[in-house]
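# Per-entry structural report
One letter stands for each residue in the lines below.
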Amino acid sequence: MADKEELKASIVKQGDVVRDLKSKGATKDEVTAAVTELLALKTKYEEVAGEPYVAPGAKKGKGKGKKAKGPASDSAAAPSDGGKQKKDKKQKQQKQDKKQDKQQDKQKTEAPKAEAAKDKAQETEEAQSERFDIPGTESEMIKFWESIDAFQTSTKFSEGRPEFTFYDGPPFATGLPHYGHLLAGTIKDVVTRFAHQTGHHVPRRFGWDCHGLPVEYEIDKTLNIKGPDDVMKMGIDKYNAECRGIVTRYSSEWRRTVTRLGRWIDFDNDYKTMYPWFMESVWWVFKEIFNKGLVYRGFKVMPFSTALATPLSNFEANQDMHEVNDPSVTVTFPLVDEPEVSFLAWTTTPWTLPSNLALCVHPDFEYCKFKDVKKDQIFIALKSRVVGKDCLYTKAKDVEFLETFKGSDLADKKYTPLFPYFADREQSFRVLVDTYVTDDSGTGVVHNAPGHGEDDYRVCLAAGVITAEEVPCPVDASGKYTEEITDYVGTYIKDADAPIIARLKKEGRVFKHANVKHAYPHCWRSGTPLIRKTVDSWFIRVEDVKEQLLVNNDKTYWVPNNIREGRFRNWLAGARDWAISRNRFWGTPIPLWVSEDFEEVVCIGSIEELEELSGVKGITDLHRESIDHITIPSKQGKGDLKRISQVFDCWFESGSMPYAQRHYPFEDKDNFERNFPADFIAEGIDQTRGWFYTLLVIGTCLFQQPPWKNLIVNGLVLASDGKKMSKRLKNYPDPNLVLQEDGADALRLYLITSPAVRAENLRFERSGVQALNKDVMLPWLNSFRFFEQQVLRLEDATGTKFSFVDTAQCPSTNQLDRWVLAYTQHLISWVRQEMAAYRLYTVVPKLLEFIDNLTNIYVRFNRHRLKGGISDEDAALALWTLGEVLMTLTKTMAPFTPFFAEWMYQQLKPYIADPETATGCLAWGSEDVASWMQDNNLGQFAALFQHNGIRGRDFVDLCHNDLVSMGISHCSDRKRILRAVQKEAEAIPFKSIQEFVEPVREIDGVKEDASVHFCMVPQPKEFYADPLLVQQVEVLRRTIEAARVIRERNNLPTKYPLVEAVVVSKTPAVLEALNNVGSFFTEELNIRKLVLTSDESQYNVKFVAKPNFAKLGRRLQKDFKAVQDQIKNLTQEELYGYQTSKSIVLSGHTLSDDDILLTYEFQGGETDYSSETDNDILVLVHVNPPAELVQEGYAREVKNRVQRLRKAAGLSPLDKICVYYTVENDSEEVQLAAVIAQFKEFLETSLTCPLKEGAADASATTITADTADVKGVKLNMTIVNA
């Protein structure tokens, strides 16, 4: 008894050793050795105790978790091993053991089987039953990456490769990252990871936008600062110190979120727009533009934020439009020479009326003098705006027209001012003419306040009402009236609307007063309404380079292209000079030192230049508090030049980031110029008028070229209801919650498969993220779990460790193996092709489709082989195939799902064969290759091969492209060389080639194969290519899906065999494909016979044609209806002809390819067939099976019930059991007892256990029992130990 207890303790202790090794990531060999010792202890225990070992704490029950979707789901949801315990009198003792050993055995216990094979199989099933913790696994991968400094290590490994240049637009760190940031970040990460894994060196630096309005606005709110005067009282140094203190407020949160998303980017070597070296490069950029004569100072009416006391650029003014209700007032302006006659002018900005200096009419429009019958007053207005809908009057009877005239006839007529403030201006208060006046709203008479309107300013300046140096604008930077407006001085302009209207009403100057709802621009930072205000500003002459901007735009590649050709081109075509100065404090100061009269201007381009010209040394910071006091002696005798007070628009800084992030041209000049312009940038669609625009303007001004080559523009991420995501409304899930609970990989896939990658809006649904875990990650996981389980089975059966050579050619000739390997090469080619075109929206769906086909075609159809159903040798080939496909998929998916790909790679690595000594041609040098070529009648190429340094190790992956690049232009020569090379390479024993092709490098103790992200995305292996077989299996898939629909529609589970399926198609390739792979159809669908035919007549089938509305409607326009009618009237013969030739002329238009969509239509009638169509394939399934097939279906139902009971009891197919059964309430229709007797051999073979009628033997140990329903008949089942 002592020996028994000692063995128990030893088993528990050794179990702890196994678990400890696994948790520490020990090698597979170490774990295997520990498991072998554990199994030996269990075997010895059974010999001593005479009974199976029962682990402490083991309990009966189902495995954890639900069955996952996918063909390998039965293994993923396998029951836990504890369910195998007996229901006998020893249970009390087991409970006591559980309490005693609770601290030693918290994890699932080892299986209670003596045989090693059974123990290993059970351990695998037990592991697979556990719920795979996706977020937890991702966290472990982050720890792993941190342990090897994966990102920095990967960049070290890639040094010396061609550089792939990427610019990352800097976000503000004053807010938390939202889904828009995560979307753009994912796109950037996928592209840059893929570039790295296709042989490039990809520097990736994170940047921060530190200056500008967002930061100042936060400080103004916090410190209750109302305007510039408050800042000056406080002191610029103190104010900027406050700004500096918050610019990185959320930087740690950004870093945590970006890292959790799986994005690899350098935070430690970041750039900030407030770094002096960054600001110095901005100065250099500005000076270059200044020296080209593209900078000037001017007075212009600009969008102005009164909340921030600064002008904005025109593109900023359009970033935040709100629907608002404004007062609408029509005011009278009496003529000086005809006081009884008044002009009528309409405005929605009554606050501008005190600044009125003129009226404006269109010279060519027809105006009229009319009498208001009810008021008995005479007015002048545009005739078309007097009577009608939304006009001055709705009824003609209220108006008497007196006179009509052209607008030009009204020029220079004088009128009485509304207010006295500027009444002494001699050239003011007269009618001007200009064509900007419209006839679609208002009165056709426009009130001009030149200080508040661009057209007003232009027209009044041209007419001499104002001068460029003197423009009345009686509103200060805070939006309050100045002393000129004596009645309202200090009043905020919008607050003055109501009293102004009341005053004008009292004075009889208001013709009509109402409210109007319209779109109005707001400050993108403060959310307050913008005004138009004349300001002294510095401008870049964008209009002078507009044509070059359009040319440079055409040189860039956009995804999607319609944004470049539409929205962006239109914006460029209407581009105006860019106001780059801001009357603010926290920003890069504009480096202009000027005399008081602005006639002497010095532009500084570096710290060194400022020190030299000013004599001030040791300048280390360029913010206002550090340089505003510095003066430069005038060279024209104008005293000291002082710096202008303005700072740069922060968009100028972000547009300068390609140069400033590298401190160009002061550092790294050659490297920058070698890699400019950038290969890739990406941001949201809102940046078409923001960062994309400023990048292009500055790049064009500096170098006459665009600063990027390729661009992905993404749409906006909205809440699920289509509204803007709002913290106040709480209409979206917290991004960090989604990352923590659903995982980053699923979120990444969700975002990059969404419409947002095509610049459309995405309505975010968390359920969409979760669905990708269920439909993609788990099937992919289950494929590996099944692979892993079957490898253990094979190793137990053969006694040897399984491995495969992922660089050699798998020698399997099996059709499914050949297909999946060929399909994998097709996938690699597709991914490389589409990623080269930056079409993520086509790549990811193809990857997801591949995973679906891998699980639902290859693994599902091949399960019997993988389990060793044919032979262990065949199973080894099938596992090699599956392992190679999983590894290839993992490397290809790595840029898209970096976490799961890393986990999968680490699981698969132990199955890759270790490198061995070079044999055969692998040991050849270039001279040996030259000699070999002479011996193989290839001597003419020997010198060329020797010149290119081709060695024997290169034979393994030599391909057509390599030979083309060497200058071998004739295809026949390339084929001849490759045939000889392949023959020689095939003679190599199964060795790993990696050691000889490229030795595994090591940096800082980390090997280059340590992470999947150090590996390259595989190149297609030409020896696996079989496009015909890939096409044929795709036909098979379509056909199977159609047949499944028929089964589901007719409530015919696959358990029930059916007599026949007929596939009708006029496409020869379809019939040829099914003739080749049709056996999989009959096996999968459980259909006895498959008939292939192109003769539809005997099945009452006809072709149906429909126009491709999306293509033809846009192309044919008005002719579409006629063509549609002709398509409907095409005969069957004409449709067959179109299917063959893919061309037909209708109404003068040539239709081809998918212009006409062809499908089959089953006419039905009295028949045993049901149909389903997939374009050129019609599937008919016989849905009335004969009695013998129905009975076989009942037998399969019995099999299913027994398997369910076995699984519920925690039993595996390896357990030796016997099943007793009895039947109750048997029916004449089902005759279940007779069915079981008839199919007994089938049931016992498939269940791998005896099936006996009657009650269980009293001496047998009952494991479990249950009653199941089979078509209304009771089936009583009892499982006992055999």
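See the structure shown above.
This section reports on the structure supplied with the text. Computed from a predicted model, the values in this text were never measured in an experiment.

## A word on the sheet that holds strand 9 (residues 377-382)
The strand order across the open sheet built from six strands is 10-8-9-6-5-13, with neighbouring strands paired in mixed fashion. Every other strand in the sheet has two partners, leaving strand 10 (399-406) and strand 13 (510-521) as the edge strands with one partner each. Here the average twist between neighbouring strands, direction ignored, is 25 degrees. Of the strand pairs in this sheet, strand 8 (residues 366-372) and strand 9 are connected by six bridges, and their pairing is antiparallel. Along strand 9, the bridge assignment pairs Lys-369 with Ile-380. Contacts from helix 16 (residues 497-506) reach strand 5 (321-334) and strand 13, with the element oriented near 160 degrees to strand 13.

## A word on the packing of aromatic side chains
Using the criterion set out here, one finds 62 aromatic pairs in the structure. Sitting over the face of the ring of Phe-899, Arg-260 holds its NZ or CZ atom 5.5 Å from the ring centroid. One residue, Lys-533, lies across the ring of Phe-304, its end atom 5.3 Å from the ring centre.

## What to know about the pairing of strand 23 (residues 678-684)
Of all seven residues in strand 23, seven are buried; the element is thus mostly enclosed. Looking at chain direction, strand 23 and strand 24 (residues 708-714) are connected through six bridges and run parallel. Residue pairing in the sheet places Glu-683 in a bridge with Val-713 of strand 24. Following the chain from strand 23 across helix 24 (residues 691-703) to the adjacent parallel strand 24, one finds a crossover that is right-handed.

## So, the sheet that holds strand 24
The three strands lie next to each other as 15-24-23, forming an open sheet whose pairing is parallel. Each edge of the open sheet is held by one strand with a lone partner, namely strand 15 (557-559) and strand 23. In this sheet, neighbouring strand axes are inclined to one another by 20 degrees on average, regardless of whether the strands run parallel or antiparallel. On the sheet, helix 18 (residues 561-573) packs against strand 15 and strand 24 and is oriented at approximately 105 degrees with respect to strand 15. Helix 24 rests against strand 15, strand 23 and strand 24 of the sheet, and its axis sits at about 145 degrees to strand 23.

## Section: the pattern of salt bridges
Pairs can form between side chains of opposite charge whenever their charged atoms are close. Enumeration according to the criterion identifies 73 salt bridges in this entry. A salt bridge links Glu-507 to Arg-503; the shortest N-O distance between them is 3.3 Å. Given a relative accessible area of 41%, Glu-507 falls into the partly exposed group. A salt bridge links Glu-599 to Lys-638; its shortest N-O distance comes to 3.5 Å.

Reading guide: rules and limits
- All residue numbers refer to position in the chain's written sequence, counted from 1.
- It should be noted that, the model being predicted, local features are given only for residues of pLDDT at least 70 and side-chain atom pairs only at 80 or more, the latter also being counted only at that level, while totals for whole chains, interfaces and linings use all residues.
- With hydrogens and water set aside, each side-chain value is computed from the structure's full complement of heavy atoms.
- Two strands are counted as paired when DSSP detects at least two bridges linking them.
- In DSSP terms, a helix is any run of H or I states spanning at least four residues, a strand is any run of E spanning at least two, and both are numbered starting from the N terminus.
- Think of each axis as a best-fit line through the C-alpha atoms, taken over the contacting stretch in the case of a helix, with angles from 0 to 180 degrees between the N-to-C directions.
- Whether two residues touch is decided by their heavy atoms; if any such pair falls within 4.5 Å, the residues are in contact.
- Each Phe, Tyr or Trp ring, with Trp reduced to its six-membered ring, pairs with another whose centre is within 6.5 Å; inter-plane angles below 30 degrees give stacked pairs, above 60 give edge-to-face pairs, and intermediate values give tilted ones.
- Cation placement over rings: the criterion is NZ of Lys or CZ of Arg within 6 Å of the ring centroid and within 35° of the ring normal.
- Note on exposure labels: buried denotes an accessible area under 20% of the residue type's maximum, exposed denotes more than 50%, and partly exposed covers the range between, all computed with a 1.4 Å probe on protein chains only.
- Here the term right-handed applies to a crossover when the path leading from its first strand over the helix to its second strand runs clockwise, the strands being oriented away from the viewer.
- Each reported salt bridge corresponds to a side-chain nitrogen of Lys or Arg within 4 Å of a carboxyl oxygen of Asp or Glu.

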